[in-house]
Amino acid sequence: MGVLTNKIEREDLKPGDHIYSYRFAYTYSHHGIYVNEGNVIHFTRGEGQETGTGTVLDRFIGSSLPQRRPLDNPCLICDNQSKSDGVISTCIDCFLSGGDLYLYEYDVSRKFFLAKARGGTCTLASSEPPEQVIDRAFYFLRKGFGVYNVIKNNCEDFALCCKTGLQVIPTVSVGQSGQAASFQAAAGVILSSSLEFLGRSSPLGFLATNVTRLVESYGKYCDNRLANDIGVRQDVRKVVLKEETWFSVSGGTLAA
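No experiment lies behind these values; they were computed from the predicted model shown.

Chemist: Can you help me understand the nonpolar core in this one?
Modeler: Formed by 21 residues in total, the largest nonpolar core has its most connected members in Ile33, Val87, Phe140, Phe145, Phe158 and Cys162. Secondary structure elements with two or more residues in this core: β2 (28-36), β3 (39-44), α3 (130-143) and α4 (155-164). In this structure, Leu13, Phe95, Leu96 and Leu101 belong to the second largest nonpolar core, which totals 10 residues.

Next up, the structure:
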């Protein structure tokens, strides 16, 4: 564990850990909560049930699709569960889908957070005790976690909510997902640089100042990532789970 990698071995996993695995040649990651004895609870989406972004991000949304096994070769552990969608419980092999295993880090310092150039690997927020994390995961397994949205309500949002008990107010433009915030921050930097290039009459003039602009752009990227981290945001609320309904501490009903 460290700045360069969060890779972990299966034997080192503990109940309540937030784990993830990369998809599409490390372009996107799928997240879940390890609960016990090789079982993982994670949030997936069914085809046609997601809310997309209308951008290139929709190409990566499939990373949270449950992995479809041939009908004549079902998983001996998960059986039909591995072919479901929404919040599901599967074996760790179906969760990883052939990828490596990584551990999401909590309660990291700002310096460490910014040293991780890639989002979706750690947060400044603190995790609650494993028992509470697992209780939330099983609650959402029974009650669901809403409609999958690659920006506002994805698999990382689910795992973060299980770990911290916090959820971003639904009216905002981005959820608590670190990788979604990174994608949006990077897209903003790329768009800004592209517009500047188009506004110059000479490509050489653009290249002459490109190094300085690159440093400034990376600074903006880091600032945007940090501002969207669940550990520093103000537009979040604590959720209290009850068997009948799901309430926020402010008293409003989040889900029935």
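Chemist: When you look at α4 in this model, what are you seeing that I'm missing?
Modeler: A turn of α-helix holds 3.6 residues, and therefore any two residues three or four places apart point the same way. Where burial is concerned, most of α4 is hidden: 10 out of the 10 residues are buried. Of the residues making up α4, those classed as buried are Cys155, Glu156, Asp157, Phe158, Ala159, Leu160, Cys161, Cys162, Lys163 and Thr164. Taking the backbone nitrogen of glutamate 156 as reference, a side-chain oxygen 2.9 Å away marks asparagine 154 as the first, capping residue of α4. Following α4 by one or two positions, glycine 165 adopts a phi angle in the positive range, close to 75 degrees.

Chemist: Just to check I follow, could you spell out the packing of aromatic side chains for this structure?
Modeler: Aromatic rings considered in pairs are described by the distance between their centres and by the relative angle of their planes. For the structure on display, the rule yields 13 aromatic pairs. Between phenylalanine 43 and tyrosine 148 the ring centres are 5.4 Å apart and the planes differ by 45 degrees, which places this aromatic pair in the tilted class. A residue pair is termed long-range when its members are at least 10 positions apart, and phenylalanine 43 in strand β3 and tyrosine 148 in the loop between α3 and α4 qualify at 105 residues. Aromatic side chains phenylalanine 145 and phenylalanine 158 sit 5.4 Å apart centroid to centroid with 85 degrees between the ring planes, which places their arrangement in the edge-to-face category. Within this pair, whereas phenylalanine 145 is found in the loop between α3 and α4, its partner phenylalanine 158 is found in helix α4, the two being separated by 13 residues in sequence.

Chemist: Looking at this structure, I do not really get the sheet that holds strand β1 (residues 18-23). What am I missing?
Modeler: Remark on secondary structure: sheet strands pair via backbone hydrogen bonds, oriented parallel or antiparallel. With respect to topology, five strands assemble into an open sheet ordered β4-β3-β2-β1-β5, the strand pairing being antiparallel. One side of each edge strand has no neighbouring strand; the edge strands of this open sheet are β4 (86-91) and β5 (102-103). In the packing of α3 onto the sheet, the strands contacted are β2, β3 and β4, and the crossing angle to β2 comes to about 110 degrees. Set on the sheet, α4 makes contact with β1, β2, β3 and β4; between it and β2 the angle comes to about 35 degrees.

Chemist: Any chance you could explain the confidence of the model for the protein here in plain terms?
Modeler: Interpretation of this model should avoid reading the predicted coordinates in detail wherever pLDDT is low. Across the protein, pLDDT averages 77, with 63% of residues at or above 70. When mean pLDDT is taken per element in the protein, β5 scores highest with 97 and strand β9 (residues 253-255) scores lowest with 47. The low-confidence segment residues 48-56, where pLDDT is below 50, has 15 contacts with residues more than four positions distant or belonging to other chains. The model gives residues 250-256 a pLDDT under 50, and that stretch makes 14 contacts with residues more than four places away or in other chains.

Chemist: I keep staring at the pairing of β3 and nothing clicks. Help me out?
Modeler: For a regular strand, the rule is simple: side chains alternate between the two faces of the sheet. Across the six residues of β3, five count as buried, placing the element largely inside the fold. Where β2 meets β3, four bridges bridge the pair, whose relative direction is antiparallel. Within β3, the position partnered with isoleucine 33 by the bridge is isoleucine 41. Connecting β2 to the antiparallel partner β3 that follows it, the hairpin turn spans two residues, and glutamate 37 within it adopts a positive phi of roughly 40 degrees. Note: β3 against β4, six bridges, orientation antiparallel.

What counts and what doesn't
- Residues numbered from 1 in each chain as written.
- Predicted model: local features only at pLDDT ≥ 70, side-chain atom pairs only at ≥ 80, totals over all residues.
- Heavy atoms only, no water.
- Core = buried A, V, L, I, M, F, W, Y, C linked by side-chain atoms within 4.5 Å.
- Buried < 20%, exposed > 50% of the residue type's maximum accessible area, 1.4 Å probe, protein only.
- Helix = DSSP H or I, 4+ residues; strand = E, 2+ residues; numbered from the N terminus.
- Polar contact = N/O pair within 3.5 Å; in protein donor to acceptor, adjacent residues only side chain to side chain.
- Phe/Tyr/Trp six-rings, centres within 6.5 Å; stacked < 30°, edge-to-face > 60°.
- Pairing = 2+ DSSP bridges.
- Contact = heavy atoms within 4.5 Å.
- Axes fitted to C-alpha atoms, helices over the stretch in contact; angles between N-to-C directions.
- pLDDT = per-residue confidence, 0-100.

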